[in-house]
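# Inside the fold
Spelled out, the chains give:
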Amino acid sequence: TQLLEQSPQFLSIQEGENLTVYCNSSSVFSSLQWYRQEPGEGPVLLVTVVTGGEVKKLKRLTFQFGDARKDSSLHITAAQPGDTGLYLCAGTTYNQGGKLIFGQGTELSVKP
Amino acid sequence: DTGVSQNPRHKITKRGQNVTFRCDPISEHNRLYWYRQTLGQGPEFLTYFQNEAQLEKSRLLSDRFSAERPKGSFSTLEIQRTEQGDSAMYLCASSLERLAGTGELFFGEGSRLTVL
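Read on for a plain summary of the structure. (Residues numbered from 1 in each chain as written. Chains lettered and ligands numbered in written order. Predicted model: local features only at pLDDT ≥ 70, side-chain atom pairs only at ≥ 80, totals over all residues. Heavy atoms only, no water.)

### Examining the pattern of salt bridges
Residue and element names in this part refer to chain B. Taken as a whole and assessed by the stated rule, the structure comprises nine salt bridges over all chains. Among the salt bridges present, the one from Asp24 reaches Arg22, with a minimum N-O distance of 2.8 Å. A relative accessible area of 23% places Asp24 in the partly exposed class. The salt bridge involving Glu83 is made with Arg64; its shortest N-O contact spans 3.4 Å. Pair noted here: Glu83 is in the loop between β8 (75–79) and β9 (88–95) and Arg64 is in the loop between β6 (53–57) and β7 (65–68), with a separation of 19 residues, a long-range link. Classification of Arg64 as buried rests on a relative accessible area of 9%. Taken together, the shared-partner salt bridges in this structure form one network comprising Arg64, Glu83 and Asp86. (Salt bridge = Lys/Arg side-chain N within 4 Å of Asp/Glu carboxyl O. Buried < 20%, exposed > 50% of the residue type's maximum accessible area, 1.4 Å probe, protein only. Helix = DSSP H or I, 4+ residues; strand = E, 2+ residues; numbered from the N terminus.)

In structure tokens form, the structure reads like this:
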């Protein structure tokens, strides 16, 4: 059973379009992270959200943590080819110690 | 470069052989994690250390897998009697203990294993 469910798993869009990726769980998370990974590289942290209802912006990326701390979303405005990659949500729960649990990822392809 | 370093980056081996991967974390980080990732999937937790102590091991870590961090600095992950199902990217990450609850891990570039 996947603790963190991401949707969609694959997304192929044209440059300039907007998109939203969702990360859902039945568990409550003490914090939730979004990572981006390019082929042949390790994941790189984009953002951490810790407060229910929190919204963080990183240029064209907007991250939201659900009020109940069970879900999160990543919205990208005016996507560019450089946004192409695997987007991973990850989280730590209160009873998981320090380990980080990942979702299965969303493979994003932005075509020029 | 003071990031997390992993080697070798690529390893091709025959089924039944043993392989060892090494991870050098960011120097001041006392936590070190190992993850396994297959194509198109998210990383799966294998084990983690705080200093030299191995605090948790996943059920994914069969008795053919062993990880060590003898001096609390670098770590090794050994896979004995490799099987084709072991083919994956093995990722190492490090963090500071005080930031553990925030999930801020710094990953290496990974070691890709192919078992023929």
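### Re the interface of chain B and chain A
In this assembly, 23 residues from chain B lie in contact with 21 residues from chain A. Around 1600 Å² of area is buried between chain B and chain A when both sides are counted, 50% of it from carbon and sulfur atoms. In this structure, the connection of chain B to chain A is made through one salt bridge. Close ionic contact of Glu56 of chain B with Lys99 of chain A constitutes a salt bridge, the shortest N to O distance being 2.5 Å. On the surface where chain B and chain A come into contact, there are six residue pairs in polar contact (both at pLDDT 80 or more). Among the elements of the structure, β4 (31–37), β5 (44–50) and β9 of chain B are those that each provide at least two residues to the side of chain B that touches chain A. It is β4 of chain B that contributes the most residues to the side of chain B that touches chain A, four residues altogether. Taken together, the residues of the side of chain B that touches chain A break down into 10 nonpolar, eight polar and five charged. (Contact = heavy atoms within 4.5 Å. Buried area = accessible area lost by both parts, 1.4 Å probe. Polar contact = N/O pair within 3.5 Å; in protein donor to acceptor, adjacent residues only side chain to side chain. Nonpolar A, V, L, I, M, F, W, Y, C, P; charged D, E, K, R; others polar.)

Read these as spatial facts, not as claims about activity.
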